[in-house]
Structures are given as structure tokens and as C-alpha cells.
Amino acid sequence: MDPGLWTLELLGLFFSLVGCLCSLVTLMMPQWLTLSTELLPTESFQLGLWETCVVQDFGMTECIPYNTLLGLPSDIRLARILMCTTVAMALMGLLFAIPGLNLVNSCRRTESFKAKRTLKMLGGIFSIIAGVLGLVPVSYVAHLTVLRFFDESVPSVVPRWEFGDALFLGWTAGFLHLVAGFVLVTSCLFMQDEMCSLHQSIALNRAQITRPERSPRGRTEYV
């Protein structure tokens, strides 16, 4: 097996695993949007997909979860649905990609080789889908935040929401999913059928060579 192919497979699996963890953390973090006011300099507010938090300067944090899904703003509701779908797609990509790696189990037949390539291809496709789905809610929330921040119809004394750490982590997770998907798909293109059928044919040829041939003419009959 080509060492370069192993490297591509391990890199794709690594990026996929890290992207899945980043997407899960992004989904659970309350720091999607942050707000601080001059009237209350000792407090700052955080807006997440599941709860809102008030952070005190001396380290105390109080969070209130959302009571209903239908009562949420449309951007938060859409972001929650898409981020949950992103985590599900990323997990499915890992479940398909891991058994498709050639390092997990050596393939001895062409049928198993095709099955491994199909599994790894599906893992890469699911990773690409997870990357696209993960970038959409983060970019959409960031776009609305920019529009509301520079809205001239709102007085300048009114505090504005700003980007939180979860948005940057979500962008990172989305790009990791895309890189992982393209690396896994690229590794499938470098695979060849001869990689798995060659060892089996050599073994059969050796067995035929070492096996002694018996011929009825070789026997000597005594009368």
C-alpha cells in the first residue's frame, strides 16, 4: 500500500474528528453573540442557541434556557436546526469513513476493496455536506448581526450585539469538515484495484509452484 494513501486517509480522519468536536462545542456554546453596555460595565450578556447568560466581572454566570422553540427568533431557530443536522452528518461521515480505511482491515478481495472505497467515499461526501450545513447558520447569524449593528434607524445609544467566540469556532469547524471531505474523496481517486488483488494472485501462484505434480506416468510398476 502506498504510504501517501495512508497519509491522506489519516489526515482526512483527523480533520473529520476535530471538525466534529468543534461543531459539537459550537452547538453547545452560549457565546454566539455578546453584548456589553456602558450603563452596566460590570455585566455582559451572551446569546446562544439553547440559553442566554449574564456574566459578572467577578466570575459569576447565570444562564436561563429557552422555554420554547417556536417562540425563538427565526435566525436562532434555523441555526439550532442546521447545527444539529451538521453534527449528525459529521458523525455519519465518521461512521462510514473509519471502516473504509485500508489501515483498519487489509482487503483480500476485489469485492471488499470496492466496499471500502464506497464507504470512504460516502464518509467524504457526508463530511462535505456537514461543512456546508455548518457554515450556513454561522454565516447567516453573522450577516444579520452586521446588518443590525450598522442599522441607522436604531439610535446610537442602544447597545448592539457583536460576534461571539462560537461564530469563529463554527467557521473553523465548517472548513475542517470541507477539508476532511475533499481529502477522503481524493484518497479514493488514488486507489486502484490492483492493490488488493495482487497479493492474492501472488499467493496462489506460489502455492501452485510449490505443490508437487503427480502424474500416473511417473509411477513405476513392477511385475
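A quick note: this is a predicted structure, and the numbers were derived from the prediction, not measured. (Residues numbered from 1 in each chain as written. Predicted model: local features only at pLDDT ≥ 70, side-chain atom pairs only at ≥ 80, totals over all residues. Heavy atoms only, no water.)

A. Spotlight on the environment of Glu62. Within the secondary structure, Glu62 is located in strand β4 (residues 61-65). Along the chain, Glu62 and Phe45 lie 17 residues apart, while their C-alpha atoms are 9.8 Å from each other. Not counting the four nearest positions on each side in its chain, Glu62 is found in contact with Thr52, Cys53 and Val54. (Helix = DSSP H or I, 4+ residues; strand = E, 2+ residues; numbered from the N terminus. Contact = heavy atoms within 4.5 Å.)

B. Region of interest: the packing of aromatic side chains. Considering all chains together, one arrives at six aromatic pairs under this definition. Judged by centre distance (5.5 Å) and plane angle (5°), the ring pair of Phe96 and Phe126 falls under stacked. You can see Phe96 sitting in helix α2 (residues 74-100) and its partner Phe126 sitting in helix α3 (residues 110-149), a full 30 residues away along the chain. Pairwise contacts between aromatic rings join Phe163, Phe168 and Trp171 into one cluster. Geometry around Trp50 places Arg80 over its ring, the cationic atom sitting 4.2 Å from the centre. (Phe/Tyr/Trp six-rings, centres within 6.5 Å; stacked < 30°, edge-to-face > 60°. Lys NZ or Arg CZ within 6 Å of the ring centre and 35° of its normal.)

C. Representation of the pairing of β4. Across five bridges, strand β3 (residues 51-56) lies against β4 in antiparallel orientation. In the strand pairing of β4, Thr52 is matched with Ile64. The turn joining β3 and β4, which pair antiparallel and follow one another in sequence, is formed by four residues; a positive phi near 105° is taken by Gly59. (Pairing = 2+ DSSP bridges.)

D. The sheet that holds strand β5 (residues 162-163), seen in detail. Read across the open sheet, the five strands follow the order β4-β3-β2-β1-β5; overall the sheet is antiparallel. The sheet is open, and its two edges are formed by β4 and β5, each paired on a single side. In the sheet, strand β1 (residues 33-36) pairs with strand β2 (residues 43-47) via four bridges, with the strands oriented antiparallel. What sits directly across from Leu35, in β2, is Phe45.

E. Local environment of the state of the cysteines. Applying the stated criterion to the full structure yields one disulfide. Between the sulfur of Cys53 and that of Cys63 lies a disulfide, 2.0 Å long from S to S. Linking Cys53 and Cys63, the disulfide has an S-S dihedral of approximately 105° and is accordingly described as right-handed. Of the two residues, Cys53 sits in strand β3 while Cys63 sits in strand β4, which places them ten residues apart along the sequence. With a relative accessible area of 2%, Cys53 lands in the buried category. Looking at Cys20, it has no disulfide partner, and the nearest cysteine sulfur is the one in Cys22, 9.4 Å off. (Disulfide = S-S within 2.5 Å. Buried < 20%, exposed > 50% of the residue type's maximum accessible area, 1.4 Å probe, protein only.)

F. Quick peek at the nonpolar core. Core analysis: the biggest nonpolar cluster contains 16 residues, and Trp32, Leu49, Val141 and Leu167 have the highest contact counts within it. Here this core takes four residues from α2, the largest share from any one element. Aside from chain neighbours lying at most four places away, what touches Leu167 is Gln31, Trp32, Leu33, Val138, Val141 and Ala142. (Core = buried A, V, L, I, M, F, W, Y, C linked by side-chain atoms within 4.5 Å.)

Fair warning: the whole summary comes from geometry, so function is off the table for now.
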